[in-house]
Amino acid sequence: MSILRLSLGDFFSKQCLKLNLIPFAVSFIAFVLMSVFLYEFLFDYFISFVSTSSFSFISWLYSFAFIQILSDILSFFLALFVITILSLFLALLLTAFLSPFIVSFVNSKHYQYESKEAVSNFKVIGIFLFVFLKFFLALILCLFFIFVPFLNMLLLHIAFYYLFHKSLILDVSSIVLDKQNFLAFYSQTKPLEFKFSTLCFYILSLVPFFGLFLQSFFVIFLAHLLYQRILGLECKKG
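Being a predicted model, the structure only gives us computed values, none of them experimental. (Residues numbered from 1 in each chain as written. Predicted model: local features only at pLDDT ≥ 70, side-chain atom pairs only at ≥ 80, totals over all residues. Heavy atoms only, no water.)

Undergrad: Can you break down empty space enclosed by the protein residue by residue, with the values?
TA: Enumeration over the complete set of coordinates arrives at one cavity of 30 Å³ or more. Computed from the structure, the largest cavity encloses a volume of approximately 40 Å³. Along its surface, the largest cavity is lined by Phe31, Thr84, Ser87, Leu88, Ser205, Val207, Pro208, Phe209, Gly211 and Leu212. Elements with a contribution of two residues or more to the lining of the largest cavity: helix H4 (65-110) and helix H9 (210-213). With three residues, the top contributor of residues to the lining of the largest cavity is H4. Its residues assigned to classes, the lining of the largest cavity comprises six nonpolar, four polar and no charged. (1 Å grid on protein atoms, 1.4 Å probe; cavity = no way out; pocket = protein on both sides within 12 Å on 5 of 7 lines; lining within 4 Å. Points joined across faces, edges and corners; volume = space filled by probe spheres on them. Helix = DSSP H or I, 4+ residues; strand = E, 2+ residues; numbered from the N terminus. Nonpolar A, V, L, I, M, F, W, Y, C, P; charged D, E, K, R; others polar.)

Set out below in structure tokens:
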């Protein structure tokens, strides 16, 4: 709870709110634009499929008003899911460019920790590419179950959570930790606190707009967690 309290205090500080404004504004605009175009694309595609379908049963079924309403609802929720995921990772990408400033703010305010040797950017990029490859392969496997209700969404969320978790942990830990601590941390099984935290962050991020606003908070919280749990530092100033 102390880390949560510290993180909330840092997140609502004037400096962090200004940093958070950029990824939130860009992601919000992208969310709105994608909402309009993707929904129209899905709806128009479905209408085109029905009108040109060689199966008279499908055309007959779509003549009922409640089926048309149902298709509208399904198109909306499918578009919402895709848009939420895309805007989430856009916000995550934009926040990654601001993470060094956010972590520096947390460090200078609470810990004053001096890293001995910074982690190489090439090392970070190499790890991320390997993570993305595994995510891509998992996503392909998920497509085999795309028409299985409930299971399809569960598998998709597992794949996207994996990418979200790995990307966020990689981003923050490569900034907070020095090279030796980073390699030791990344090669071992992550403590449950980290997995539970990123799972909560992912669930929050699925709420439209809410997740876009909280990206810098996720970075702040993980930074505190790394400083205290991995480096064993105590907060010098609350």
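Having seen it, we continue.
Undergrad: Mind laying out the nonpolar core, listing which residues take part and the relevant values?
TA: The biggest cluster of nonpolar side chains holds 52 residues, and the ones touching the most others in it are Phe164, Val176 and Tyr227. For this core, the element with the highest residue contribution is helix H6 (residues 151-176), accounting for 11 residues. The residues touching phenylalanine 164, leaving out its near neighbours within four places in the chain, are Leu88, Phe89, Leu92, Thr198, Phe201, Tyr202, Ser205, Gln215 and Phe218. (Core = buried A, V, L, I, M, F, W, Y, C linked by side-chain atoms within 4.5 Å. Buried < 20%, exposed > 50% of the residue type's maximum accessible area, 1.4 Å probe, protein only. Contact = heavy atoms within 4.5 Å.)

Undergrad: Before we move on, could you go through the packing of aromatic side chains and cite the residues and values that matter?
TA: On inspection of all chains with the given rule, the structure shows 18 aromatic pairs. Look at phenylalanine 132 and phenylalanine 135: their rings are 5.7 Å apart centre to centre, the planes differ by 50°, and that puts the pair in the tilted class. Of the two residues, phenylalanine 132 and phenylalanine 135 both sit in helix H5 (residues 121-143), three residues apart, roughly one turn of that helix. Residue phenylalanine 132 is classed as partly exposed on the basis of its relative accessible area of 38%. Between phenylalanine 201 and phenylalanine 218, the ring centres sit 4.3 Å apart and the planes meet at 15°, which makes this aromatic pair stacked. One end of the pair, phenylalanine 201, is in helix H8 (residues 192-205); the other, phenylalanine 218, is in helix H10 (residues 215-230), with 17 residues separating them in the sequence. Each member of the pair, phenylalanine 201 as well as phenylalanine 218, is classed as buried. Every member of this aromatic cluster is reached through a ring pair, and the members are Phe11, Phe12, Tyr161, Phe164, Phe201, Tyr202, Phe213, Phe217, Phe218 and Phe221. (Phe/Tyr/Trp six-rings, centres within 6.5 Å; stacked < 30°, edge-to-face > 60°.)

Undergrad: How would you summarise the layout of surface pockets if you had to cite specific residues and measurements?
TA: The space that makes up the second largest pocket amounts to roughly 670 Å³. Surrounding the second largest pocket, 20 residues form its lining, Leu93, Ala96, Val124, Ser167 and Asp171 being those nearest its centre. For the lining of the second largest pocket, the secondary structure elements donating two or more residues are H4, H5 and H6. Counting residues per element, the lining of the second largest pocket draws most heavily on H6, which supplies seven residues. Taken together, the residues of the lining of the second largest pocket sort by class into 16 nonpolar, three polar and one charged.

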